[in-house]
Amino acid sequence: MAITAPRGTQDFLPEQTAEWQLLEAKIRQICSLYGFGEIRTPMFESTELFLRGIGETTDVVTKEMYTFEDRGGRSMTLRPENTASVVRAFLEHKLYGDPQVHKFYYMGPMFRHDRPQAGRYRQFTQFGVEEIGSKDPAVDAEIIAMAFQLFRELGLNDLVLHLNSVGCPKCRPVYRQKLLDFFADKRDQLCDDCNERLEKNPLRVLDCKEDGEKMMQMGVPLITDNLCDDCKEHFHKVQEYLTAIGIPFTLDPRLVRGLDYYTNTAFEIMYAPLGAQSTVCGGGRYDGLIEEVGGPSTPGIGFAIGMERLLLTLKEQGLLPPVEKKQPVFIVALGDAAKTRAFELQQQLREKDLYAEIDLLGRSMKGQMKSANKLNADYTVIIGENELAAGEAQVRNMASKEQVSVPLDGIVAYMETHKKG
């Protein structure tokens with residue numbers, strides 16, 4: 001049996017990788033406009049980091065993590081998300097000692113043992129940002145604005161922002177008890193997962209894909225009706241800033257996000273043409289996370305975007321620009337001596353930042369010219385025995401078909417003038 005890529009993973013061939021690079025370049029451009037610097041963290045971490053950082057009751061931890069024991073007997077986990085890793089790096093490098101707002105972005109593979117489906121894989125790539133050090137609601141609005149600008153510059157304009165507040169350690173316990181009281185005589189109407197969540201983290205019940213809408217119809221208490229004064233004020237200011245910069249939003253009291261570390265602002269950005277699976281970005285504030293993993297009380301907020309789904313969306317909507325292929329100088333060599341000279345010339349051109357290729361399959365002149373056409377070469381340089389003897393080469397402009405003789409030691413200068421002119 002042929003060995004294939006593991007289920008839920010995929011290969012990206014050069015043509016596809018070029019599309020990724022276009023998206024990555026746009027992301028880096030937007031991040032620089034907002035003052036975010038790239039952080040790169042390990043692909044695996046101590047399992048304890050995710051247990052404490054993500055929450056032991058989440059689906060990610062209970063069902064989806066790739067966990068293994070290393071040779072030293074330590075429990076390690078392939079990162080299922082990157083916020084916990086960024087926080088660990090923030091603490092390990094004592095960045096909290098520098099009193100400023102720290103802005104990070106990342107792009108890289110994450111791992112979750114989930115059922116593969118269109119745009120979702122077991123090894124998937126996330127772009128995300130983390131802004132650590134300020135509780136100012138303007139920070140919440142800033143990163144939402146950043147995501148909106150990225151999507152709009154990619155051509156995704158039919159966007160809907162779903163916004164909620166999930167409270168803080170002061171008001172959430174009160175709301176938690178109200179949920180427990182509300183469901184006390186309704187547990188037989190909940191799915192098995194929700195009954196389990198009700199014991200460990202009642203807020204997660206609202207996130208249920210199966211019964212969430214039914215709960216709203218049952219009149220479940222809303223977190224936004226139970227916020228403390230500080231949380232109400234924070235949520236109001238976030239909305240005020242978003243309105244000021246023209247970002248429309250829909251208040252969504254069911255939106256609690258899937259990870260336990262969120263506080264205050266939670267949000268998702270939907271792209272309506274995708275239908276039921278329309279979420280293209282999700283994030284929120286996590287003011288308790290850094291303290292949870294052993295650091296000083298430090299506020300933070302972030303979002304993550306699944307890049308496979310984003311690329312798929314851009315393709316389906318016809319918004320992915322065509323990849324521009326560089327046109328090489330193709331050097332046609334006839335005979336061993338000519339090939340040695342062609343190889344030397346190829347290297348000289350590359351060292352001048354000019355793309356150059358020679359034949360590596362021993363083709364005839366006709367075959368080499370076909371290769372030049374296939375590579376969309378804009379110039380060919382033809383070197384045979386006669387050209388070597390005369391110390392010159394035939395240079396053909398492949399578009400105009402014009403062909404001129406150029407001294408061999410002048411080829412590089414000729415190409416620098418004509419390809420860059």
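Residues numbered from 1 in each chain as written. Predicted model: local features only at pLDDT ≥ 70, side-chain atom pairs only at ≥ 80, totals over all residues. Heavy atoms only, no water.

Enquirer: Got a minute to help me understand the overall build of the protein in this structure?
Expert: Summing up its helical and strand segments, the protein has 15 helices and 16 strands in all. Its C-alpha atoms give the protein principal-axis dimensions of about 95 × 55 × 45 Å. For the protein, with 421 residues in total, the buried portion stands at 50%. Residue pairs in contact within the protein that sit at least 24 positions apart in sequence constitute 69% of those at least 6 positions apart. In the form shown here, the protein has an accessible surface area of approximately 21,200 Å², with 50% of it arising from carbon and sulfur atoms. Distance between charge centroids for the protein: 3 Å, based on 50 positive and 61 negative side chains. (Helix = DSSP H or I, 4+ residues; strand = E, 2+ residues; numbered from the N terminus. Buried < 20%, exposed > 50% of the residue type's maximum accessible area, 1.4 Å probe, protein only. Contact = heavy atoms within 4.5 Å. Areas by Shrake-Rupley, 256 points an atom, 1.4 Å probe, with all protein chains shown as cover. Lys, Arg positive; Asp, Glu negative; His and termini not counted. Charge placed at Lys NZ, Arg CZ, Asp CG, Glu CD.)

Enquirer: Please clarify how helix α1 (residues 14-33) should be interpreted in this entry.
Expert: The periodicity of an α-helix, 3.6 residues per turn, causes residues three or four places apart in sequence to face the same way. Given a rise of 1.5 Å per residue, 20 residues ought to cover 28 Å, and the 29 Å separating the end C-alpha atoms of α1 matches this to within 8%. Burial in α1 covers these residues: A18, E19, W20, L23, K26, I27, I30 and C31. On its buried side, α1 packs onto β5 (102-111), β6 (123-132), α5 (137-153) and α11 (307-316). Two residues or fewer past α1, G35 is found with a positive phi of approximately 80 degrees. (Expected span 1.5 Å × (residues − 1).)

Enquirer: For this particular structure, what's the right way to read the pattern of salt bridges?
Expert: A side chain with one charge may pair with a side chain of the opposite charge, provided their charged atoms come close. One pass over the full model with this rule turns up 18 salt bridges. Across the pair D287 and K135 runs a salt bridge whose closest N-O atoms are separated by 2.6 Å. Residue D287 is located in the loop between β10 (279-285) and α10 (289-292), and its partner K135 is located in the loop between β6 and α5; the two are separated by 152 residues in the primary sequence. On the basis of relative accessible area, K135 is assigned to the partly exposed category, the value being 46%. Here E357 ties to R350 by a salt bridge, and the two come within 3.7 Å at their closest N and O atoms. Residue class for R350 comes out partly exposed when judged on its relative accessible area of 38%. (Salt bridge = Lys/Arg side-chain N within 4 Å of Asp/Glu carboxyl O.)

Enquirer: What's the story with unusual backbone geometry in this structure? I'm lost.
Expert: Most peptide bonds adopt trans geometry, and most residues besides glycine take a negative phi value. The phi dihedral of K94 falls on the positive side, at around 55 degrees, and the residue is not glycine. As for its position among the elements, K94 is in the loop between α4 (83-92) and β5.

Enquirer: It is not clear to me how the sheet that holds strand β11 (residues 300-306) should be interpreted in this structure. Could you clarify?
Expert: By way of backbone hydrogen bonds, the strands of a sheet pair with one another, either parallel or antiparallel. Here 8 strands make up an open sheet; going across it, the order is β1-β5-β6-β11-β10-β9-β7-β8 and the pairing mixed. Strands with a single pairing partner mark the edges of an open sheet, and in this sheet they are β1 (37-38) and β8 (249-251). (Pairing = 2+ DSSP bridges.)

Enquirer: Hey, could you run me through the sheet that holds strand β3 (residues 67-69) in this one?
Expert: The 3 strands lie next to each other as β2-β4-β3, forming an open sheet whose pairing is antiparallel. Both edges of this open sheet fall to β2 (44-46) and β3, since each of them pairs with a single strand only. When the angles between neighbouring strand axes are averaged without regard to direction, this sheet yields 35 degrees. With 3 bridges joining them, β3 and strand β4 (residues 75-78) adopt antiparallel strand pairing. Looking at the pairing, E69 lines up with S75 of β4. Where helix α2 (residues 47-54) meets the sheet, its contacts fall on β2, β3 and β4, and the angle it forms with β2 comes to roughly 80 degrees. (Axes fitted to C-alpha atoms, helices over the stretch in contact; angles between N-to-C directions.)

Enquirer: Just to check I follow, could you spell out the pairing of strand β15 (residues 392-397) for this structure?
Expert: Within a regular strand, the side chains alternate between the two sheet faces. For strand β14 (residues 379-383) and β15, the ladder comprises 4 bridges, and the chain directions are antiparallel. By the bridge assignment for β15, T380 is matched with R396. With 5 bridges joining them, β15 and strand β16 (residues 403-407) adopt antiparallel strand pairing. Pairing of A393 across the sheet is with V406, part of β16. Here β15 folds back onto β16, and the loop between the two strands holds 5 residues, one of which, K401, carries a positive phi near 70 degrees.

Enquirer: When you look at the nonpolar core in this model, what are you seeing that I'm missing?
Expert: Among soluble globular proteins, nonpolar side chains are generally buried collectively. Formed by 44 residues in total, the largest nonpolar core has its most connected members in F127, F151, F267, I269 and F303. Every residue in contact with F127, bar those within four places of it in the chain, is listed here: I27, C31, Y105, Y106, M107, L150, F303, A304, I305 and M307. (Core = buried A, V, L, I, M, F, W, Y, C linked by side-chain atoms within 4.5 Å.)

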